[in-house]
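The lines below spell out each chain.
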Amino acid sequence: MSEDKYKVVRLSTDLQNSYKSHNHLCKLAYTLQNSTNTNIIIDLSDINFIASNLFSVLGCIFSEFKEKKSGQDALRIRGMKPSILDTVQKNGFCEHIGLKKIPDIHNTVIPYKKFGVDEIEEYERYLTLNLFMRNDLPLMTKSVSDIIRDSLLELFKNVKDHTSSNYIYTCGQYFPKSSSLYFTIVDIGETIPYNVHNFHTDHNLSLPDNSLKWAIMEGNTTSKANGPRGIGLSIIQDFISLNEGSLYIVSEQETYELDAKRERYKKLDYPFPGTIVTVGFNLNDTASYRFMSEENSTIQF
């Protein structure tokens, strides 16, 4: 199909792990979700850098648009700089632009993957191989490692339990200059604020001032399933706070940011039609992590 039949959507800012970039990605998702055009070109000519873990967000947005518009030709990407092309050929995002994958000889990427919501065993193997078998993670006992892995698994389970999403998208990146490892998991479906609002309304409870703050608190869950839930984000938050890493959550128009400098909740200019969770591990951390006791889930170093 001739490109003159496509609407061009130009991205104008580099994509980092930051509020500004999350806002830009939300605007992109909003634009595509509300577009009446059946064919879109994403122009990246002005982009010099995209944090590799954020290709999970781009892949989610692009895949959902192509599925809605019924066809691979519904969306094209142009204008990728050579350095970005090199990254996407290593992490596997290249499937969206028809290029072959190349080896990641420096072991800097956590591959871009699209999982069905029933593929939790495949996701667990992916986490084990690409994250928890790395030898540069902070020192921690097996029980701490296991509960962090379980918390990342709970994020996956939450998509199946709380949304109508069919797919979950993941990707990650090791950044040698900052000695940090970022991992992102994203879906498009019912948001955290939507589910929190419905849960409180259904149970005749007062609505919380902030949905993300409520969702992060240990023990809080909108799940109807039996068994202990609601510890995933709380455990991750506890560990990242001690590790002086980074945690970003984006859902609808709410966002949460935690890093070594600050913790804040903010509103976005555009709603994201799902949830993005990014965990950034500080690999310069020389602490060793263990539980205060086997019965106590408080992590200490």
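Everything discussed here concerns the structure shown above.
Not measured: the values here are computed from a predicted model.

Calculation notes
- Residues numbered from 1 in each chain as written.
- Predicted model: local features only at pLDDT ≥ 70, side-chain atom pairs only at ≥ 80, totals over all residues.
- Heavy atoms only, no water.
- Helix = DSSP H or I, 4+ residues; strand = E, 2+ residues; numbered from the N terminus.
- Rg over C-alpha atoms; globule rule 2.2 N^0.38 Å.
- Contact = heavy atoms within 4.5 Å.
- Phe/Tyr/Trp six-rings, centres within 6.5 Å; stacked < 30°, edge-to-face > 60°.
- Buried < 20%, exposed > 50% of the residue type's maximum accessible area, 1.4 Å probe, protein only.
- Lys NZ or Arg CZ within 6 Å of the ring centre and 35° of its normal.
- Patch = residues over 30% accessible without salt bridge, like charges linked within 9 Å, V, L, I, M, F, W, Y side chains within 5 Å.
- Areas by Shrake-Rupley, 256 points an atom, 1.4 Å probe, with all protein chains shown as cover.
- Salt bridge = Lys/Arg side-chain N within 4 Å of Asp/Glu carboxyl O.
- Lys, Arg positive; Asp, Glu negative; His and termini not counted.
- Charge placed at Lys NZ, Arg CZ, Asp CG, Glu CD.
- Arc of directions from axis to C-beta.

Visitor: Any chance you could break down the overall build of the protein for me, citing the residues and the numbers?
Guide: Each helix and strand counted, the protein has eight helices and eleven strands in total. On C-alpha atoms alone, the protein measures out to a radius of gyration of 19 Å, which is about the 19 Å that the 2.2 N^0.38 rule sets for 301 residues. The principal-axis extent of the C-alpha atoms belonging to the protein is close to 65 × 50 × 35 Å. Contacts spanning at least 24 positions in sequence make up 67% of the contacts within the protein whose residues lie at least 6 apart.

Visitor: An account of the packing of aromatic side chains is requested, with residue identities and associated values reported.
Guide: Within this structure, the stated rule accounts for 15 aromatic pairs. Ring centres of Phe115 and Tyr126 lie 5.3 Å apart, and the angle between their planes is 75°; on these two criteria the pair is classed as edge-to-face. With Phe115 in strand E4 (residues 109-116) and Tyr126 in helix H4 (residues 120-132), the pair connects residues that are eleven residues apart, well separated along the chain. Exposure remark for Phe115: the relative accessible area of 6% places this residue in the buried category. Look at Tyr123 and Tyr126: their rings are 6.4 Å apart centre to centre, the planes differ by 25°, and that puts the pair in the stacked class. One end of the pair, Tyr123, and the other, Tyr126, are both in helix H4, three residues apart, so they sit about a helical turn from each other. Assessed through its relative accessible area of 6%, Tyr126 is described here as buried. Each residue in the set Phe115, Tyr123, Tyr126, Phe156 and Phe183 is aromatic and connected to the rest through ring pairs, giving one cluster. Positioned over the ring face of Tyr167 is Lys114, at 4.1 Å from the centre of the ring. If you follow Arg149 out to its NZ or CZ, it ends over the ring of Phe132, 4.9 Å from the centre.

Visitor: How would you explain unusual backbone geometry if you had to name every residue and give the values?
Guide: Glycine aside, residues mostly have negative phi angles, and peptide bonds mostly take the trans form. In this model, Glu244 sits at a positive phi of 60°, which is unusual for a non-glycine residue. On the secondary structure map, Glu244 appears in the loop between helix H8 (232-243) and strand E8 (246-258). Although it is not a glycine, Glu252 sits at a positive phi angle of roughly 55°. Take Glu252: it is sitting in strand E8.

Visitor: Explain a negative patch on the surface to me, and be specific about the residues and the numbers.
Guide: Among the surface-exposed residues, Glu119, Glu121, Glu122, Glu124 and Asp150 lie close enough to one another that they form a single negatively charged patch. Among the elements that line the negative patch, the one with the most residues is H4, at three residues. Residue Glu122 is classed as partly exposed on the basis of its relative accessible area of 34%.

Visitor: Any details on helix H3 (residues 82-91)? Residues and values, ideally.
Guide: For H3, the set of buried residues is Ile84, Val88, Lys90 and Asn91. End-on view of H3: buried residues confined to an arc of 160°, all on one side of the axis. Each element contacted by the buried residues of H3 is listed here: helix H2 (55-68), E4 and strand E6 (167-175). Gly92, located one to two residues past H3, shows a positive phi value of around 100°.

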